[in-house]
Amino acid sequence: MNKGKTQQYLRYCPGGYFNLVSSGRGGCVYLGNRGITELAAVAAAQDVVIWDLRKKERIRVLSGGEKFNYDVTCVASNNSGSLVAVGYTNGCIKLFDTASGESEVTFSGHKNDVTSMCFDEEGMKLVSGSKDTTIIVWDIVAESGLYKLHGHKGSVTAVKFMRTERNIVVSSAKDTYIKFWDMTTQHCFKTLTGHVTEIWDIALLEEDTLLVTGGSDAELRVWKLEFAQTEDGENKAFVQKEIKKIKTEEAPDGEENNPEENDDDNSILSIKRIGSILRSGEGRLQNMSYDKSGRVLALHGTDNMLELFIICTQEEIKKRLAKKAKKEKKRTGEEIDPESIKVTVQEQFKRVKPIKASGKIKSLSVVDTKGMLKDVAKILMVLANNQMEVVKIDSATIGSDAEIAITIDNLGHKSHVRTLAFSHDNTAILTASSEGLKLWNRDSFACVRSIPCGNALSCIFAPGDRHVLIGTKSGVIQIFDIGSGEMTEEIQAHNGEIWSLNLTPDQRSVVSGSGDKTVKFWDFELIESEKHERKILSILHKRSLELDEGVTCVCLTPDSRLIAVALLDSTVKVFFMDSLKFFLSLYGHKLPVVCMDISSDSTVLATGSADRNMKIWGLDFGDCHKSIFAHDDTVTGLKFLPYTHQVFTCGKDGVLKHWDTDIFERIVTLKGHLGEVWTMAVCPNGKHVVSSGKDRAMRIWDKTSEIVVLSDERETEREEEAENEVGESAPVPGEQNKETSLPSKRNAETEKGAENLMEEINLYFETVESKTLQLPPLMLAYGAESPIGFMGGSISRIKPAQLEETLLVLPLDYVEKLLKILLNLLKEKIDVEVVTRCLLFLLEIHHGPILANPSFQPIVNELGPLLDKEVSRVRDITGTNLAGLRYIAARQKEKEDIELFADATLRVREKNKKKKRKEKALQRAILSV
């Protein structure tokens, strides 16, 4: 190819993924019942999938977008299930509407993985905890952060809103502490120090009067929470504190008080440990989940055992105490009053027989549903083997056992896919893992066939696409009939792993390469079978090629002239196909070649190695045309596009790359996989590429009509790298060493927003000072009727979650200009709420410079009364509208109740009329007889 000639490339874009049922890391949450459907949101790599558990179907995918390539770490929903919050590894939180699947709000405040989230009872606030040890409270309605809480010294593992009227958040962390935060004063007023190991999860039960905590040991600790209920609760707590001080001083020498039962923080909250429960599962506690009523508590460790507890009511506790008294009477012969027996944790928590799941449990979610005859609690379990199971239990009776009701296990491989292939007609995809093979429809991603097989390392479609061949780790070649879904023959082909299976160009033979230092040639044959009573497809061994080292990969030229064999000694040997005589030895890689392919014109060989390099060789003389550093880790897959010298590679660095081997340049980098990419395949027509990786997702990349310009592509990549290098926010004066700080963080969007705002401020003053009647084109483009209206729209266009960070970047001279603009906006009554928020933030942050600079004094003096007047006006309008809406809602509810009563009355009357008609008809029939 002439390098001076312009070459056009077409872009490959993500076309979807399949095989992934759930990823255990992100968790799951029940969304409740919607008619006959039973919905749940389950994390799947960088997306969240909404499943209909009854139909075992995907309803909707909540995606952050093509460029939002971050793993989901946490999922939470509000009480109604209409809103789902999704936390990611980059610290962002996205809010999705479950009905439409759209996300219009993104919260960016954490610096690391979001580990836990919780909505409050009304669904108006969201609290999140992160690996960066911080807790942030977000306002859902205002779409912005309220404050960031500092106090923990380790990763936050759980955050919970108390469901009572108290505005309190409870958090736990790996620093062994549980903290109680007052949202009114935004500080930690209580710290629980009863654990000696990392705390992994907490549960608030019995209307926030019981706290259950679990850590790295096998013990669940149960705590009693009591708040002072008197009006002078603070004085009462102070008196109790003084009494305890006196008791402590009067305690004899050597007698120590229990720190878990002593409160010395003058708090209205008293915490007392009332007992503990030993878990039956192995390893540390991973998750605890409970339903809204607090009736069922489910938890699991690092194994596959699901532990369930029923929280007993007072009547059930009395019955259990009565049984206990009877047992004591039989044992001792003395009458015992049940009320005299002290209630322990064992009477409050009834252990249910554990359930053994089909794989390790990674996360769970509990929901309690009201049935026709009984209450049923359901527990959704996400397993490590790409499955989901639903356990149900009768929560009305404490003696019932749990059982597995739903299993979603056939929609994806249970183990990682190590090999895949396209069918010759481009319509089907074959994937194989250690437990089975699956056939997928390329367009719909539907699983057409699932067949058990050995531990597969290589696979191909036989000619005609009705049979597939699998090379296993034990050296066996298995042949499967796709139509009948069974294995027709199993041949012990090698004594080692079969790393490569290839069809010859004439499609009459198969070539297998193994770790037993041999390459074998097999011919397709139809043989008689007594078992099947018909001829079946088989392969017969014709010849072998003995080598000095184990074979890692085999490749044949399309013209049937040469065969290339990669060996463990990091070389590639090339032989003639007909005579198997040695032709070339290609050496230069420092580590063994893992993958290779030959172009359609049989002139270029490309090899990918564990040394992270791709080498391009000429097959005429065996010279190395170019050595390219292809990936940051092992190159695991390499395939040429048909009838081109363009090649796709994948590696353990998690990306696919598109190369031109004529000019030795990278065209595009395809990002989508989370973790290592292990194998890939190119469609025979070159329009699709499929890849498989550690995240279990089989991703399709489709060829589009968009032309890729290399210079523009490199420029876009440099811009993305620059955006990712945006530093952290500068410290705000007076906020160092405080429990609270700004909830947002600086990113590329906030810096762009600040630059745009400064340009718009300059444009505003230029337009006002010029006194021209004609508005600038930019103002007209936004539909502004005046300069001040343009500035109102500019401030409103800034996302609420990024407003503080955008204003924080502004220099002081622009702050003065912006204050003048905000004053004019207040006078014109434009966006009073947003303007007020900007004013209060700017005055708080730049309080010192504003007081020291006399030029700010006239603006501030005028702002005071005007701000008070406009805020009062907006508050009155809002209150009037709210009262009107409440009145309309009450009238509507009253109307619905009347209509419901009227409908019921009409149904009864109609029923009585039908009954009378039947009686009269029966009387006429009797009289006529």
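How would you summarise the overall build of the protein if you had to cite specific residues and measurements?
The number of helices and strands found in the protein is 12 helices and 57 strands. Along the first, second and third principal axes, the C-alpha atoms of the protein reach 100 × 100 × 100 Å. On the protein, roughly 45,600 Å² of surface is accessible, and the fraction owed to carbon and sulfur atoms is 50%.

Talk me through the side chain of E816; I want residue IDs and the actual numbers.
Take E816: it is sitting in helix α9 (residues 812–827). One buried charged residue, E816, forms no salt bridge at all, with the nearest opposite charge on K820 at 4.2 Å. With residues near it in sequence (within four places) discarded, E816 still touches S855, F856 and I859.

Outline the environment of M288, supporting the account with residue identities and numerical values.
Note that M288 resides in strand β22 (residues 287–290). M288 sits in the buried class, given a relative accessible area of 6%. Ignoring sequence-local partners within four residues, the contact set of M288 consists of D201, I202, A203, V212, T213, G214, L220, L297, A298, L299 and L364.

Let's hear about unusual backbone geometry: which residues, and what values?
Unlike most non-glycine residues, A45 shows phi in positive territory, near 60°. Mapping A45 onto the fold places it in the loop between β3 (37–44) and β4 (47–52). Relative accessible area serves as the criterion here: at 2%, A45 is assigned to the buried category. A positive phi angle is found at L580, which is not glycine, with a value near 60°. Inspection of the secondary structure puts L580 in the loop between β44 (572–576) and β45 (582–586).

Run through the sheet that holds strand β49 (residues 624–629), naming residues and quoting values.
Pairing is antiparallel across the open sheet formed by 4 strands, whose spatial order is β46-β47-β48-β49. Pairing within the sheet leaves two strands with one partner each, and these edge strands are β46 (593–598) and β49. Ignoring which end each strand starts from, the neighbouring axes of this sheet average 15° apart. Inspection of the sheet shows strand β47 (residues 604–609) paired to strand β48 (residues 613–618) by 5 bridges, in the antiparallel sense. Bridged to L605 within β48 is W617.

Any chance you could break down the pattern of salt bridges for me, citing the residues and the numbers?
If you walk through the whole model with that rule in mind, you get 22 salt bridges. The partner of D71 in a salt bridge is R25, with the nearest N and O atoms 3.6 Å apart. Remark: R25 occurs in the loop between β1 (9–18) and β2 (28–34) and D71 occurs in the loop between β5 (57–63) and β6 (72–77); sequence separation between them is 46 residues. According to the relative accessible area criterion, D71 is buried, its value standing at 16%. One salt bridge connects R718 with E715, and the closest N-O pair in it is separated by 2.8 Å. On the criterion of helical spacing, the pair formed by R718 and E715 is a turn pair, its members being 3 residues apart in helix α4 (residues 710–724). Bridged by salt links that share partners, the residues R25, D71, D113 and K131 form one connected network.

Please give an account of the pairing of β2 that cites residues and values.
Among the 7 residues that make up β2, 5 are buried, leaving the element largely enclosed by the rest of the structure. Where β2 and β3 come together, 6 bridges link them in antiparallel fashion. Across the sheet, residue R34 finds its bridge partner in β3, namely T37.

An account of the sheet that holds strand β35 (residues 467–472) is needed here, citing residue identities and associated values.
Across the sheet, which stays open at both edges, the 4 strands sit in the order β34-β35-β36-β37 with antiparallel pairing between neighbours. The sheet is open, and its two borders are formed by β34 (456–461) and β37 (486–492), each paired with just one other strand. Each strand of the sheet is rotated relative to its neighbour by a mean of 20°, with strand direction disregarded. When strand β36 (residues 476–481) meets β37, the two strands line up antiparallel, connected through 6 bridges. Residue pairing for β37: I477 is matched across the bridge by I491.

Give me the pairing of β4: which residues, what numbers.
Counting buried positions over the 6 residues of β4 gives 6, a clear majority of the element. Because side chains alternate across β4, one face comprises the buried residues D47, V49 and W51, and the other comprises V48, I50 and D52, equally buried. Looking at chain direction, β3 and β4 are connected through 6 bridges and run antiparallel. Bridge assignment links A41 to a residue of β4, and that residue is I50. With antiparallel pairing between neighbouring strands as the criterion, β3 and β4 make up a hairpin whose turn holds 2 residues, including A45 at a positive phi of roughly 60°. In this structure, β4 lies alongside β5, joined through 6 bridges in antiparallel fashion. Pairing of D52 across the sheet is with E57, part of β5. Connecting the antiparallel pair β4 and β5 is a turn made up of 4 residues, with K56 showing a positive phi of about 60°.

Break down the packing of aromatic side chains for me, with residues and values.
Evaluated as defined, the whole model comprises 11 aromatic pairs. Between F68 and Y70, the aromatic rings sit 5.2 Å apart at their centres with planes inclined by 70°, giving edge-to-face as the arrangement. Residue classification places Y70 among the partly exposed positions, given a relative accessible area of 30%. Pairing F68 with Y88 gives two aromatic rings, centres 4.6 Å apart and planes at 80°, and the pair type is edge-to-face. Of this pair, F68 sits in the loop between β5 and β6 while Y88 sits in strand β7 (residues 83–88), placing them 20 residues apart in sequence. Of the residues examined, F68 reaches a relative accessible area of 14% and is grouped as buried. Exposure remark for Y88: the relative accessible area of 0% places this residue in the buried category.

Quick one: what's the story with the packing of α9 against helix α10 (residues 832–845), residue by residue and with numbers?
At their nearest, the axes of α9 and α10 sit 10 Å apart, and the two run at 150° to each other. Of the two elements, α9 crosses α10, and the hand of that crossing is left-handed. The segment α9 lies against α10, with V815, L818, L819, L822, L825 and L826 engaging V832, V835, C838, L839 and L842. Here the residues of the contact of α9 with α10 are counted per class, giving 11 nonpolar, no polar and no charged.

Residue-level account of the nonpolar core, with values.
Generally speaking, soluble globular proteins have nonpolar side chains that are buried together. Ranked by internal contacts, the top residues of the largest apolar core, which has 42 residues, are L807, L818, L819 and L822. Sorting the residues of this core by element identifies α5 (748–770), α7 (787–797), α8 (803–809), α9, α10 and α12 (857–928) as the ones contributing at least two each. Looking at which element gives the most residues to this core, the answer is α9, with 9 residues. Ignoring sequence-local partners within four residues, the contact set of L819 consists of L839, L842, I850, F856 and I859.

So what's going on with the state of the cysteines? Residues and values would help.
Under the counting rule described, the total for this entry stands at 0 disulfides. With no disulfide of its own, C624 has C595 as its nearest cysteine by sulfur position, at a separation of 15 Å. The exposure class of C624 is partly exposed, given its relative accessible area of 37%.

An account of a nonpolar patch on the surface is requested, with residue identities and associated values reported.
Taken together, the side chains of L10, I707 and V709 make up a nonpolar region of the molecular surface, amounting to roughly 220 Å² of accessible area. Mapped onto the secondary structure, V709 falls in the loop between β56 (698–708) and α4. The partly exposed category is assigned to V709, whose relative accessible area is 41%.

Pulling in residues and values, what's your account of the confidence of the model for the protein?
Averaged over every residue, the pLDDT of the protein is 86; residues scoring 70 or more account for 92%. Across residues 1–6 the pLDDT falls below 50, and counting only partners more than four positions away or on other chains, this stretch makes 5 contacts in the model. The low-confidence segment residues 230–264 (pLDDT under 50) makes 27 contacts with residues lying over four places distant or belonging to another chain.

So what's going on with the packing of α7 against α9? Residues and values would help.
Between α7 and α9, the shortest axis-to-axis distance is 10 Å and the interhelical angle comes to 105°. On the basis of their axis angle, the class for α7 and α9 is roughly perpendicular. Facing α7, whose interface residues are I788, M791, G792 and I795, α9 presents L818, I821, L822, N824 and L825. For the contact of α7 with α9, the per-class residue count stands at 7 nonpolar, 2 polar and no charged.

Give a description of α9 that names residues and reports values.
Note: α-helices contain 3.6 residues per turn, so residues at a spacing of three or four share the same orientation. When the terminal C-alpha atoms of α9 are compared, their 23 Å separation across 16 residues agrees well with the 22 Å that a helix rising 1.5 Å per residue should span. Among all positions of α9, only Y814, V815, E816, L818, L819, I821, L822, L823, L825 and L826 are buried. Just downstream of α9 lies K829, where phi reads positive at about 60°.

Cut-off values and rules
Counting from 1, residues in each chain are numbered in the order their sequence is written. The predicted nature of this model means local features are confined to residues of pLDDT at least 70 and side-chain atom pairs, given and counted, to a pLDDT of 80 or more, with totals for whole chains, interfaces and linings taken over all residues. With hydrogens and water stripped out, all remaining heavy atoms of the structure feed into the side-chain values. What counts as a helix is a DSSP run of H or I of at least four residues, what counts as a strand is a run of E of at least two, and both are numbered from the N terminus. Each accessible area is a Shrake-Rupley estimate made with a 1.4 Å probe; only the visible protein chains count as cover when residues are assessed. Exposure classes here rest on a 1.4 Å probe applied to the protein chains alone. A residue is buried below 20% of its type maximum, exposed above 50%, and partly exposed in between. The sign given to each residue is positive for Lys and Arg and negative for Asp and Glu; His and the chain ends receive no count. Salt bridges are defined by distance alone: a side-chain nitrogen of Lys or Arg within 4 Å of a carboxyl oxygen of Asp or Glu. Here, residues are in contact when the closest pair of their heavy atoms is within 4.5 Å. Should DSSP find at least two bridges between two strands, the strands are taken to pair. Helix axes are fitted only over the stretch in contact, all axes being lines through C-alpha atoms; the angle between N-to-C directions runs from 0 to 180 degrees. Only rings of Phe, Tyr and Trp enter the pairing, Trp through its six-membered ring, and a pair is recorded when the two centres are within 6.5 Å. The plane angle decides the type: under 30 degrees is stacked, over 60 is edge-to-face, the rest tilted. Note: crossing handedness is left-handed where the near helix turns anticlockwise from the far helix by less than a right angle, and right-handed where it turns clockwise. Nonpolar residues are Ala, Val, Leu, Ile, Met, Phe, Trp, Tyr, Cys and Pro. Charged residues are Asp, Glu, Lys and Arg, and all others, Gly as well, are polar. Grouping buried Ala, Val, Leu, Ile, Met, Phe, Trp, Tyr and Cys residues that are joined through side-chain atoms within 4.5 Å yields what is termed a nonpolar core. Cysteine sulfur pairs qualify as disulfides if the two atoms are within 2.5 Å. A residue counts toward a patch only above 30% relative accessible area and without a salt bridge, and it is joined to like-charged neighbours within 9 Å or, for Val, Leu, Ile, Met, Phe, Trp and Tyr, to nonpolar neighbours within 5 Å. The predictor rates its confidence in each residue with pLDDT, a number between 0 and 100. Throughout, the term roughly parallel applies to angles under 35 degrees, roughly antiparallel to angles over 145, roughly perpendicular to angles from 65 to 115, and oblique to all others. In this analysis, the expected span of each helix is defined as 1.5 Å times one less than the number of residues it contains.

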